[in-house]
Amino acid sequence: MRKLVSAGEILVEIMAERIGQSFLEPGPLLGPYPSGAPAIFIGQAAALGQPAGLIGAVGDDDFGRLNIERLRALGADVSAIAVHKGHATGTAFVTYRADASRHFVFNIRNSASGLIETDGAATNLLASADHVHVMGSSLFSDRAVAVTLSAIETVKAKGGTVSFDPNIRREIMQASGVRAALDHVLARADIFLPSGEELFLFSSAKDEKGAVDELLARGLSCIVLKKGAAGAVYHDHHGAVASSGFAVDEVDPTGAGDCFGAAFVSFWLRGAAPAEALRIANACGALAVTRKGPMEGIFPLEAVEAFIVTGNTQ
Ligand code: ADP
């Protein structure tokens with residue numbers, strides 16, 4: 001089976017317990033939960049049985065161990081996660097407002113994640129990889145951009161493929177060349193997985209069809225538009241396939257797009273038809289929102305298939 005790799009931020013998420021709670025005063029917190037968009041993605045892909053590994057860095061602390069142990073338990077290759085003494089693992093503190101928006105306090109660039117590099121372990125992992133998945137949020141520093149771009153070129157040079165989820169997080173994407181890096185990644189991508197307005201960051205078209213046509217003409221193999229509870233729509237040069245979402249009670253939206261993307265890309269790599277890849281991806285996205293914590297709603301393939309049949313999220 002084809003092996004996929006991602007590179008980027010690894011962190012723990014700590015969330016306010018109540019909707020509307022603010023960090024301007026002390027209050028009850030939940031977590032730490034293992035997190036970081038590429039970690040969620042790789043964890044979900046591994047849980048579905050896809051060979052998958054992550055390039056990144058954590059501190060020599062319990063937050064780092066929590067992440068590595070969770071990824072290992074899900075079946076991911078953790079050989080290229082460096083452990084740095086004297087640097088703390090990255091963190092994200094999250095509050096949820098009454099209007100359903102999320103607000104983050106991130107510490108990534110100045111955490112162990114900021115030390116990400118293409119060292120010997122990362123080079124070995126890339127040597128066995130056929131596909132790279134890029135999250136825009138992972139372009140958090142010039143150094144992180146360099147690691148991502150070099151992973152893309154390594155895999156492309158041997159005929160591999162690239163997927164790209166813009167995952168725009170303005171709080172973290174502060175590398176000086178982030179805009180140019182986003183455009184570069186899109187130009188090298190085969191699969192593009194934007195959510196909501198992210199489609200229009202890369203096109204001057206005014207409507208969805210115009211933007212999709214313009215981007216497909218630029219060389220993408222396919223575009224998958226994530227549409228929250230409504231599901232997703234797949235586009236390629238032959239047409240479109242829409243797939244409805246699954247009805248679930250949403251308790252925490254963080255991680256849905258990453259779990260969706262991991263499932264779609266894993267099944268695309270296996271040669272599944274778009275409708276099948278979308279169905280599994282919608283199921284993984286839906287399951288992700290039923291648990292507090294971005295990786296708590298990751299399930300193995302058998303459980304995802306059982307959910308598709310029964311709708312049971314337990
Ligand atoms: P992102 O998290 O990247 O912003 P979305 O919010 O569109 O992306 O979520 C990704 C996918 O997760 C959706 O396409 C859908 O399959 C699933 N999903 C998200 N929210 C829900 C929900 N409330 N109910 C069911 N499925 C959901």
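Residues numbered from 1 in each chain as written. Predicted model: local features only at pLDDT ≥ 70, side-chain atom pairs only at ≥ 80, totals over all residues. Heavy atoms only, no water.

Colleague: Provide a residue-level description of the layout of surface pockets, including the pertinent values.
Modeller: Size it by volume and the largest pocket reaches roughly 690 Å³. Counting residues per element, the ones that place at least two in the lining of the largest pocket are α7 (256-269) and α8 (274-288). Classifying every residue of the lining of the largest pocket by side-chain character gives eleven nonpolar, ten polar and eight charged. If you add up the space inside the second largest pocket, you get close to 220 Å³. Around the second largest pocket sit 13 residues that line it, and I19, Y96, V251, D252 and P253 are the ones nearest its centre. Residues of the lining of the second largest pocket, tallied by class, amount to seven nonpolar, no polar and six charged. (1 Å grid on protein atoms, 1.4 Å probe; cavity = no way out; pocket = protein on both sides within 12 Å on 5 of 7 lines; lining within 4 Å. Points joined across faces, edges and corners; volume = space filled by probe spheres on them. Helix = DSSP H or I, 4+ residues; strand = E, 2+ residues; numbered from the N terminus. Nonpolar A, V, L, I, M, F, W, Y, C, P; charged D, E, K, R; others polar.)

Colleague: Lay out empty space enclosed by the protein with the relevant residues and their values.
Modeller: One pass over the structure, following the stated rule, counts two cavities of 30 Å³ or more. Taken as a whole, the largest cavity encloses approximately 150 Å³ of empty space. Along its surface, the largest cavity is lined by 17 residues, and S35, G36, A37, F106 and R169 are the ones closest to its centre. Residue assignment for the lining of the largest cavity shows that the elements contributing at least two residues are β2 (11-16), α1 (37-47) and β7 (102-107). Of the residues assigned to the lining of the largest cavity, the class counts are eight nonpolar, five polar and four charged.

Colleague: Give me the lowdown on the side chain of S113, citing residues and values where you can.
Modeller: Relative to the helices and strands, S113 resides in the loop between β7 and α3 (120-127). Overall, the relative accessible area of 1% leaves S113 in the buried class. Those residues within four positions of S113 in sequence are excluded, and the remaining contacts are E9, I10, A57, I108 and F140. (Buried < 20%, exposed > 50% of the residue type's maximum accessible area, 1.4 Å probe, protein only. Contact = heavy atoms within 4.5 Å.)

Colleague: So what's going on with the sheet that holds strand β13 (residues 239-244)? Residues and values would help.
Modeller: One open sheet accounts for nine strands, arranged β5-β4-β1-β8-β9-β10-β11-β12-β13; its pairing is mixed. Every other strand in the sheet has two partners, leaving β5 (81-84) and β13 as the edge strands with one partner each. Here strand β11 (residues 222-226) pairs with strand β12 (residues 231-236) via five bridges, running antiparallel. Looking across to β12, one finds that C222 is bridged to D236. Along the sheet face, α3 touches β1 (4-7) and β4 (52-59) and points at about 165° away from the line of β4. Relative to the sheet, α7 contacts β1, β8 (131-135), β9 (161-165), β10 (191-192), β11 and β12, its axis offset from that of β11 by approximately 150°. (Pairing = 2+ DSSP bridges. Axes fitted to C-alpha atoms, helices over the stretch in contact; angles between N-to-C directions.)

Colleague: Describe the sheet that holds β7, and please don't skip the residues or the numbers.
Modeller: The strand order across the open sheet formed by four strands is β3-β2-β6-β7, and the pairing between neighbours is mixed. Of all strands in the sheet, those bounded by a partner on one side alone are β3 (29-35) and β7. Strand-to-strand twist of the sheet, defined as the mean angle between neighbouring strand axes without regard to direction, takes the value 20°. Relative to strand β6 (residues 90-96), β2 runs parallel, the two sharing five bridges. Residue E13 lies in a different strand from β6, and its bridge partner there is A92.

Colleague: Now, about the pattern of salt bridges: what can you tell me, with residues and values included?
Modeller: All chains considered together, the criterion is met by 13 salt bridges. For R65, the salt bridge goes to D62, with nearest N and O atoms at 3.2 Å. Taken together, the residues span about one helical turn, with R65 and D62 both in helix α2 (residues 62-74) at a distance of three residues. Overall, the relative accessible area of 41% leaves R65 in the partly exposed class. Taking the relative accessible area as the measure of exposure, D62 reaches 57% and is therefore exposed. Of the charged contacts in the structure, one is a salt bridge between K209 and D213, with a shortest N-O distance of 2.6 Å. Within this pair, K209 and its partner D213 are both found in helix α6 (residues 208-217), separated by four residues, close to a single helical turn. With a relative accessible area of 57%, K209 lands in the exposed category. (Salt bridge = Lys/Arg side-chain N within 4 Å of Asp/Glu carboxyl O.)

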